[in-house]
Amino acid sequence: MTKITVTVDGASYTDDVEPRMLLVHYLRERLGKTGTVVGCDTSNCGACTVHLDGHSVKSCNVLAVQVDGGEVTTIEGLAHDGELHPMQSAFHECHALQCGFCTPGMIMQAIDVLNDNPKPTEKQIREGLEGNLCRCTGYHNIVRAVQTASGQESLPAAIEESA
Amino acid sequence: MTVTEEAAAPQIGQERRRKEDQRLITGRTRWTDNIVLNGMLHLAMVRSPYAHARITNIETAEAKAMPNVVTVLTGADVAEEQGSLPNAWPITEDQKAPPHPSIAVDRVAFAGEIVAVVVARTAAEARDAADLVDVDYEELPPALDLKEAAEDKTLAHPDLGTNKSAFWQFDSADAGTGGSVDEAIEAARRDGILIEREYRQQRLIPAFMEPRSVVCDPTGEQLTVWSATQVPHFVRFFIAVVLGVPESKVRVIAPDVGGGFGGKLQFTPEEAITVVVARRLGKPCKYTETRSESLMSGHHGRDQWQRLTLAATKDGTVTGLKVDLLADMGAYLGLVTSGIPILGAFMFNGIYKFPAYQFNCTNVFTNKTWTDAYRGAGRPEATYAIERMMTELAAEVGVDPLEIRERNWIKHEEFPFSTVAGLEYDTGNYEAATEKAKRLFGYDELRAEQQRRRDAKDPVQLGIGVSTFTEMCGLAPSRVLGSLRYAAGGWEHASVRMLATGKVEVVTGASAHGQGHETAFSQIVADRLGVPFEDVEVLHGDTQIAHKGLDTYGSRSLTVGGEALVKAADKVVEKAKPIAAHLLEASVDDIEFRQGRFGVRGTDKGLGIAEIALATFAAHDFPEGVEPTLDSDATYDPVNFSFPHGTHLCAMEIDTETGGVTMRKYVCVDDVGTVINPLIVAGQVHGGLVQGIAQALWEEAVYDDSGTLVSASFVDYLVPTAADTISYGVSHTTTPSITNTLGTKGVGEAGTIASTPAVVNAVVDALRPFGVIDVRMPCTPERIYKAIHARDGADTGGAPTVGAAGPHFDEADTADRTAGNDSTDQNGSSL
């Protein structure tokens, strides 16, 4: 067991963890942060994406012991005083989620994309989200949400035109 | 009360943002794997690495000795209580099927089958110990290749004596719905056009994002089971039937469920095992699969060989279609495995007026993961076949593929139309959808560009793919299901409960897992009862709350479940009328209900529905003999399917020097009838498109020669990413269905069904000048490159139905019987 101290969503935690424990399991099983989910076992799907010291990481690919002294933000730490993060609002507004399982990771990654590049092109958005899989939306509305959150024009969800 | 004459805007048709989103975008979710109960134990499965083997010994002592391991159970340990997993669709009286224990007892029939289960205090300890269970196997030869399996060369289940599970035929001459297909083929062979093709529907994996998970709590009098399932009501029924627990002692909850696409339309071995173990140990138990387990042992989809013969006159009027399918069941018959290809039987004729049709299907066992429902279930396969064939016919006749379709499709004034497959299409307007799609796509301009590039011998060629489709949605009229030997009905149930405060609780037997029922159903009820959208709460997915239901699949929730809701809401209004009449001191005959208000005809007197609800709750001043409740139930059994349709157009660019393939543009115009929420409908179409496009370009479940699934992780199973895909041009025409009150048709599967053939038709269209008439799916750069260069310098002749260009199904003609098929797929894969 190794003792770690970590700040998660603004609160400080000190725990003894097994050296092999993954960050995602620490978040879910020890801290009850079940908003962050596990979608695969090969770090392909990105459902477990969180921010570590301000940058997105796949929390299935980080050991809990590696975050000792670090600061983690999960999907549960984005909204403040009932006020949604602009990316959360954009996902809601643009219907960028259906089943919602990929959504926590997708939102965390989308925020990271805009942190790196506040006005990305559609291609840059798509490439920035390449490590996060979604099976429901076909990505069309996710791209729209990121465009919307970045204050840019977005394509319509559907072409409005009477037959 | 104040009477407001101002009409509230109808909710139906509004782009309401979803009620579901708040919890999902903030991480306040209730996935099954989030559930933790006191004293909960965790399960890990030991799975067979062999496709076919006899289990000769299982040594569990070392695993049992590991820290915090509670027990290890083998198939022999639970043989008496585990029963056999169900197949609800014996398609023929003599259908053959092996017993299907949840834990294999003495033989395994696919790689990934469960042979033992480890129970420990943590999931990690259970998995560690699972590695120490020592199983001795005696390998048996596996039946892997579908065609070879159909010839019984190697038996997947030696005890059955054959790999053939069933043969099912529909013949229009026998059914009285059309003529003889053999006569049509003979006539075309003499003096017409005969197109013969063989297409492969590769095996796919549903790959929902939330891995399946199940929790069973046996603590109370009743078993409570949470499962990541599309079908909580089915799961409850089968826990009762398979495991012998009284149905009334079982409560099944599908909490937040992260996608399904048919992949969670199952009663799984893992569900059965978790219940068995929890009951044995008297402790709450949880099992959550890994992604690799999910891809390996969750059921797969598609996997067919399709032999197709299309007969037409010289001008391209189709005279008959004959379909011969080999359908891979995999190792077992799951819930509806055997019926999946049969769901396609009625759709091979698509939107067309074919005078003769025959469908033959042989269901075959192999030693692979069993197949079952995957988005579209049988209908994408059928649509792919006919839409590829219609394009081939157009090439043969030498006209535009849209022109050949128009020559053969049902015209809008011909509805209702009885098809050669025996269905009655209620409404549709294929001309309107096609015209709109052409316009939005810029069809004529792209065709002109294509010609320019061909003339200039541009190394990057443009291909334009066309697909129309219709599908039978809204599963299903119970009498039809009964006639097809399906074990259950197709009705749906709904309740509307009027609360004392005027809020409305709606209970539906449909079980959403991403579709947005809470939002769309609120819109329907808000309009029907004239209450605010925000005041409607939709409850589902818990058999104790929604005690009756047939769940969500087959684009049925809105067309069937929504109609049940309408009927229940209408009953509320009818129940309220005598109460309103009493309170307003009027005759019931004079009560009019409009937009939430019960008025007295010819007066300005009236009461709102919330006021009636409160008066009913109090029941102080009530008409004599009237029961003090407004709550109403309805169970709706549809009278017919609904038939959404659409026209999809796709432009693909192909680098002929590398085989690189890029989507340039995609436009679809779908007619899904009345749209309740345009935003949700667009989302369903986008997601459906990408799943269908993924079949055309990327996804395939690949087994190696020993029957191991090679694509058992997201490294190898290519679920597309944002970077692989483009933004789509999605639009609609609206021809309301007349088979239900709302005029809805269903949209869940539409995108998936039409996009696959549109993409492959575009790929083939780009390559047709190179003599290519088929590229097997997924159309990888490698396959495209080989298809182009296999023909370098060869005399392709542009005559696709002769010589090596196509298979010949006439037994008398044995020349080049398989060469054509091989020549279009050069990579040597057996799949």
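Here is what the cut-offs are and how they apply
- Residues numbered from 1 in each chain as written.
- Chains lettered and ligands numbered in written order.
- Predicted model: local features only at pLDDT ≥ 70, side-chain atom pairs only at ≥ 80, totals over all residues.
- Contact = placed C-beta atoms within 7 Å.
- Helix = DSSP H or I, 4+ residues; strand = E, 2+ residues; numbered from the N terminus.
- Nonpolar A, V, L, I, M, F, W, Y, C, P; charged D, E, K, R; others polar.
- Domains from an automatic or database assignment.
- Pairing = 2+ DSSP bridges.
- Axes fitted to C-alpha atoms, helices over the stretch in contact; angles between N-to-C directions.
- Parallel < 35°, antiparallel > 145°, perpendicular 65-115°, else oblique.
- Expected span 1.5 Å × (residues − 1).
- Buried ≥ 20, exposed ≤ 12 C-beta atoms within 10 Å, placed from the backbone.
- Arc of directions from axis to C-beta.

### With respect to the interface of chain A and chain B
Phase 1: Facing 50 residues of chain A, the contacting portion of chain B comprises 52 residues.
Phase 2: At the level of elements, α2 (86–93), α3 (103–116), α4 (122–128) and α5 (140–149) of chain A are the ones that each hand at least two residues to the side of chain A that touches chain B.
Phase 3: Split into classes, the residues belonging to the side of chain A that touches chain B amount to 25 nonpolar, 17 polar and eight charged.

### Some points on the domain arrangement of chain A
All names here are of chain A.
Phase 1: Entries for chain A in the domain assignment read domain 1 (2–76) and domain 2 (86–149).
Phase 2: The C-alpha centroid of domain 2 is placed 21 Å from the C-alpha centroid of domain 1.
Phase 3: Facing the 15 residues of domain 1 at the interface are 11 residues of domain 2.
Phase 4: Contributing elements (two or more residues each) for the side of domain 1 that touches domain 2: β3 (49–52) and β4 (55–58).
Phase 5: With three residues, β3 is the single largest residue contributor to the side of domain 1 that touches domain 2.
Phase 6: Taken together, the residues of the side of domain 1 that touches domain 2 break down into six nonpolar, nine polar and no charged.

### Side note on the sheet that holds strand β24 (residues 606–608) of chain B
Residues and elements named next belong to chain B.
Phase 1: Reading across from one edge, β22-β23-β24 is the order of the three strands in this open sheet, with antiparallel pairing throughout. Looking at which strands have only one partner, the edges of the open sheet turn out to be β22 (591–594) and β24. Taken over all neighbouring pairs, the strand axes of this sheet differ in orientation by 20° on average, direction set aside.
Phase 2: Helix α18 (residues 557–583) rests against β22, β23 (597–600) and β24 of the sheet, and its axis sits at about 130° to β22.
Phase 3: Lying on the sheet, helix α19 (residues 609–618) is in contact with β23 and β24; it crosses β24 at an angle near 80°.

### Comments concerning the packing of helix α12 (residues 379–397) of chain B against helix α13 (residues 401–408) of chain B
Residue and element names in this part refer to chain B.
Phase 1: Running from N to C, α12 and α13 point in directions that differ by 110°, and their axes come no closer than 8 Å. Taken as axis vectors, α12 and α13 run roughly perpendicular relative to one another. The segment α12 lies against α13, with Met390, Thr391, Leu393, Ala394 and Val397 engaging Pro401, Glu403, Ile404 and Arg405.
Phase 2: Here the residues of the contact of α12 with α13 sort into six nonpolar, one polar and two charged.

### A few points about helix α14 (residues 430–441) of chain B
Residue and element names in this part refer to chain B.
Phase 1: Between the first and last C-alpha of α14 there are 16 Å, a value that for 12 residues agrees with the 16 Å anticipated at 1.5 Å per step.
Phase 2: When α14 is considered as a whole, its buried residues turn out to be Tyr430, Ala433, Thr434, Lys436, Ala437 and Phe441. One side of α14 holds all its buried residues, which, seen down the axis, span an arc of 165°.

### So, the pairing of strand β14 (residues 318–330) of chain B
Residue and element names in this part refer to chain B.
Phase 1: By the criterion of burial, β14 is predominantly enclosed, with 12 of the 13 residues buried.
Phase 2: For strand β13 (residues 301–312) and β14, the ladder comprises nine bridges, and the chain directions are antiparallel. Note that in β14 the partner of Gln306 across the bridge is Leu325.
Phase 3: Looking at chain direction, β14 and strand β15 (residues 357–365) are connected through nine bridges and run parallel. Across the sheet, Leu326 pairs through a bridge with Thr362, a residue of β15.

### Observations concerning helix α4 (residues 123–130) of chain B
All names here are of chain B.
Phase 1: Regarding α4, the residues found buried are Ala126, Ala129 and Ala130. Along α4, the residues classed as buried sweep out an arc of 105° about the axis, all on the same side.
Phase 2: Tucked into the core, α4 has its buried residues touching β1 (41–47), α2 (61–64), β3 (69–74) and β5 (114–120).

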